[in-house]
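# Geometric and topological summary
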Amino acid sequence: MANAQTLDRIFELVTPFNKKGIELQADTTFATDLDLDSLTVMDLVAEIEDAFDIILPLNLLPELETIEQVADAVDRIVADND
Amino acid sequence: MDLFDKFDPLIAQKSSLPFEKADPFKVVMEKVLSETVAIIDGRETILAGTNNYMGMTFNEEAIAAAKEALDNYGTGTTGSRVLNGTYSGHKGLEKTIADFYGMDHCMVFSTGYQANLGMISTLAGVDDYVIIDADSHASIYDGCAMGNATIVRFKHNDIESMEKRLKRLPEGVGKLVVVESLYSMLGDAAPLKELLETAKKYGCTTLVDEAHSMGFCGEKGRGLCEELGVEHLADFIVGTFSKSVGTVGGYCVSNHPKFDVLRLVCRPYMFTASLPPSVVASATAAIKALERSGNRRAHLWENARRLHSGLKAAGFTLATETATSPIIAVCLPDPLIATKFWEKLLLNGVYVNMALPPATPAGYNLMRVSVCAQHTTEQIDEITRRFIATAEELGLNVKAA
């Protein structure tokens, strides 16, 4: 379960990409709910990387479908870096 | 469950494009009259989307060499380079390319795609990192996917974005930075000097793909690294024969002392048939000709600048502010207009490449023109005129687009 602070920060980062204006939840999916194409996902990933000062490897992305999954991955990477 | 069901969205998307008399996926060159003119659907058509930048497909020396190789060696090698597929021509071609670049080693692959696939997947292992530009060609992405390294992307041509990510990498790991010198869709040039200097500052090995710059950038046509004087910062340079060289195949050159071990570990080199001797012979002749083609290079750049300024003056929106390459990408407002424009332009006798999202960076809808050194000035002006006529026929106000 992702850290609440991490989740909140990711909600903030996703908000500018939420063009459909749907209510963001932990289980909101990037492709289906937010309708983000791969290029937009790339921009979002860059924002997340810079906000948390981490690297979110391209290899991980296929497994990260929801906001919560991304938050979990961010927490894991931050913990590994410490 | 039909395995093809997953392709239904793509089939639906393709079917929704309103082509009436021509379809970019069904263009057939019935007869190729020259480097710049072909018969398509019975009409004489100016070829302005072939990547044949230096017009080497009809180079007399390349054709003569290919014919001689056909007579002497037959139509193919029927084998991999590591088995029966290495002929004297293959070794001669590798020496020609190594000499062209002034480097110690060269490995020739059966396509440019396989050159990137092989180099990236082999060089970077499970504990290593590959750092790539987000707009990289599919062959770079596929090379990353085929290997076991961790893949990190930075924003297109953004030095700061690259440096931020290099700073975050663990210490003591292997790091391979892969960049293209000219990007094929928009024709924009990379800030290679700054990118390579930054990569070196962080101890990275560097690979530069010169597929779309070899032949016409630099005094000898070696590419953008030569033009910018940064060849010493590129540990590996990859290129292709299917653009300026005018045939098919790919290569990698390097000064790395252990380079030749790649012939024993690089799967896209080992497990595929080697190039036919005729292709090898024409590539060898074409590269030698390219080296001394200063006038042709100058004319290519004149053509690119003339087309860029002509289309810009007509009001078209272009992907680059100036002609940074022979790729002149014209931006159209939406996929529907792009589709109609491409079809009408072809019916008006000009063949260009249509490129739509998601295949394009930043979601551009492009008419991608690639200029050839063998285009005459009159042909360049004719391409511009037919672009303008096509826009008028479609009622497209390009100045407002």
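Not measured: the values here are computed from a predicted model.

The biggest cluster of nonpolar side chains holds 94 residues, and the ones touching the most others in it are I97, F241, F316, M367 and F387 of chain B. Broken down by element, the residue count for this core peaks at eight residues, all from helix α11 (residues 277–291) of chain B. When residues of this core are sorted by domain, at least three fall in each of domain 1 (12–54 + 294–393) and domain 2 (60–291) of chain B. Ignoring any residue separated from it by four or fewer positions in sequence, one finds M367 of chain B in contact with I328, A329, V330, L332, A338, F341, W342, V352, N353, M354 and F387 of chain B. L13 and L61 of chain A together with V130 and I132 of chain B belong to the second largest nonpolar core, which has 52 residues in total.

Taking the UniProt record as the reference, the feature "domain: Carrier" (unreviewed entry) is found at residues 1–78 of chain A. The span residues 1–78 of chain A is 49% helical and 0% strand by assignment, and the distance between its end C-alpha atoms comes to 14 Å.

On to the interface of chain B and chain A, then. At the interface, 17 residues of chain B touch 13 residues of chain A. Contact with chain A buries surface across chain B, with R153, K155 and R168 of chain B losing the most and accounting together for 45% of the total. Our count for the contact surface shared by chain B and chain A stands at five salt bridges. Note that K164 of chain B is salt-bridged to D50 of chain A, the shortest N-O span being 3.2 Å. Seen at the junction of chain B and chain A, the total is ten residue pairs in polar contact (both at pLDDT 80 or more). At the level of secondary structure, the elements contributing two or more residues to the side of chain B that touches chain A comprise β6 (150–154) and α6 (159–168) of chain B. Ranked by residue count, the leading element in the side of chain B that touches chain A is β6 of chain B, at five residues.

Turning our attention to the UniProt feature "domain: Aminotransferase class I/classII large" (unreviewed entry) in chain B. Under the feature "domain: Aminotransferase class I/classII large" (unreviewed entry), the UniProt entry names residues 49–386 of chain B. Helix makes up 41% of residues 49–386 of chain B and strand 16%. Its end C-alpha atoms lie 15 Å apart.

With that settled, consider the environment of S293 of chain B. Residues and elements named next belong to chain B. Locating S293 in the fold gives a position in the loop between α11 and α12 (294–313). Among the residues examined, S293 registers a relative accessible area of 11% and is labelled buried. Along the primary structure S293 and G215 are separated by 78 residues, whereas in three dimensions their C-alpha atoms are 8.6 Å apart. Within the structure, the side chain of S293 is placed 2.6 Å from the backbone oxygen of A289, a separation counted as a polar contact.

Bringing the environment of R385 of chain B into the picture now. Residue and element names in this part refer to chain B. Mapped onto the elements, R385 comes out in helix α14 (residues 377–393). A residue is classified by how much of its surface remains accessible, and R385, at 48% relative accessible area, is partly exposed. Spatially, the C-alpha atoms of R385 and V32 are 23 Å apart, while their sequence positions differ by 353 residues. There is a polar contact of 2.8 Å between the side chain of R385 and the side chain of E382.

A few words on helix α2 (residues 38–52) of chain A. When the terminal C-alpha atoms of α2 of chain A are compared, their 21 Å separation across 15 residues agrees well with the 21 Å that a helix rising 1.5 Å per residue should span. Residues M42, L44, V45, A46, I48, E49 and F52 of chain A constitute the buried set of α2 of chain A. On its buried face, α2 of chain A sits against α1 (4–14) and α3 (67–81) of chain A together with β6 and α6 of chain B. Residue D53 of chain A follows α2 of chain A closely and has a positive phi angle near 55°.

Considering all chains together, one arrives at 23 salt bridges over all chains under this definition. A salt bridge links R9 of chain A to E12 of chain A; its shortest N-O distance comes to 3.0 Å. In this pair, R9 of chain A and E12 of chain A are both assigned in helix α1, three residues apart and thus about one turn of the helix distant. On the basis of relative accessibility, which here comes to 49%, the residue E12 of chain A falls in the partly exposed class. Measuring nitrogen to oxygen at the nearest pair gives 2.8 Å for the salt bridge that ties R222 of chain B to E231 of chain B. Relative accessible area serves as the criterion here: at 19%, E231 of chain B is assigned to the buried category. A single salt-bridge network, built from bridges that share partners, covers E49, D50 and D53 of chain A together with K164, R165 and R168 of chain B.

In total, this model carries 13 aromatic pairs over all chains according to the counting rule given. Three or more aromatic residues joined by ring pairs form one cluster here, namely F100, Y101, F241 and Y251 of chain B.

Our focus in this paragraph is a negative patch on the surface. Together, D35, D37, D43 and E47 of chain A make up a negatively charged patch on the protein surface. A residue is classified by how much of its surface remains accessible, and D43 of chain A, at 37% relative accessible area, is partly exposed.

On to the side chain of T77 of chain B, then. All names here are of chain B. Mapped onto the fold, T77 is located in the loop between α2 (60–73) and α3 (88–101). At 2.7 Å, the side chain of T77 forms a polar contact with the side chain of S274. What T77 contacts, discounting residues up to four positions off in sequence, is N84, G85, Y87, H90, S274, L275 and P277.

Turning to the domain arrangement of chain B, a few remarks are in order. Residue and element names in this part refer to chain B. Split by domain assignment, chain B resolves into domain 1 (12–54 + 294–393) and domain 2 (60–291). Each of domain 1 and domain 2 has a C-alpha centre, and the two are 27 Å apart. The interface is formed by 21 residues belonging to domain 1 together with 22 residues belonging to domain 2. In this assembly, domain 1 packs against domain 2 so that about 1,600 Å² is buried in total across both faces, 63% of it on carbon and sulfur atoms. Counting across the interface, domain 1 meets domain 2 through zero salt bridges. For the pair domain 1 and domain 2, the interface holds nine residue pairs in polar contact (both at pLDDT 80 or more). Put simply, the parts of the chain that give the side of domain 1 that touches domain 2 at least two residues each are α12, β12 (327–332) and β15 (365–370). With three residues, the top contributor of residues to the side of domain 1 that touches domain 2 is α12.

We now examine the pairing of strand β4 (residues 105–109) of chain B. Residue and element names in this part refer to chain B. Here β4 lies mainly inside the structure; five of its five residues are buried. Residues H105, M107 and F109 point to one face of β4 and C106 and V108 to the other, with burial holding for every one of them. Note that β4 and strand β10 (residues 250–254) share five bridges and pair antiparallel. Its bridge partner being in β10, H105 is matched across the sheet by S254.

Reading guide: rules and limits
Residues numbered from 1 in each chain as written. Chains lettered and ligands numbered in written order. Predicted model: local features only at pLDDT ≥ 70, side-chain atom pairs only at ≥ 80, totals over all residues. Heavy atoms only, no water. Core = buried A, V, L, I, M, F, W, Y, C linked by side-chain atoms within 4.5 Å. Buried < 20%, exposed > 50% of the residue type's maximum accessible area, 1.4 Å probe, protein only. Helix = DSSP H or I, 4+ residues; strand = E, 2+ residues; numbered from the N terminus. Domains from an automatic or database assignment. Contact = heavy atoms within 4.5 Å. UniProt positions renumbered as here; feature names shortened; annotations may be inferred. Buried area = accessible area lost by both parts, 1.4 Å probe. Salt bridge = Lys/Arg side-chain N within 4 Å of Asp/Glu carboxyl O. Polar contact = N/O pair within 3.5 Å; in protein donor to acceptor, adjacent residues only side chain to side chain. Expected span 1.5 Å × (residues − 1). Phe/Tyr/Trp six-rings, centres within 6.5 Å; stacked < 30°, edge-to-face > 60°. Patch = residues over 30% accessible without salt bridge, like charges linked within 9 Å, V, L, I, M, F, W, Y side chains within 5 Å. Areas by Shrake-Rupley, 256 points an atom, 1.4 Å probe, with all protein chains shown as cover. Lys, Arg positive; Asp, Glu negative; His and termini not counted. Charge placed at Lys NZ, Arg CZ, Asp CG, Glu CD. Pairing = 2+ DSSP bridges.

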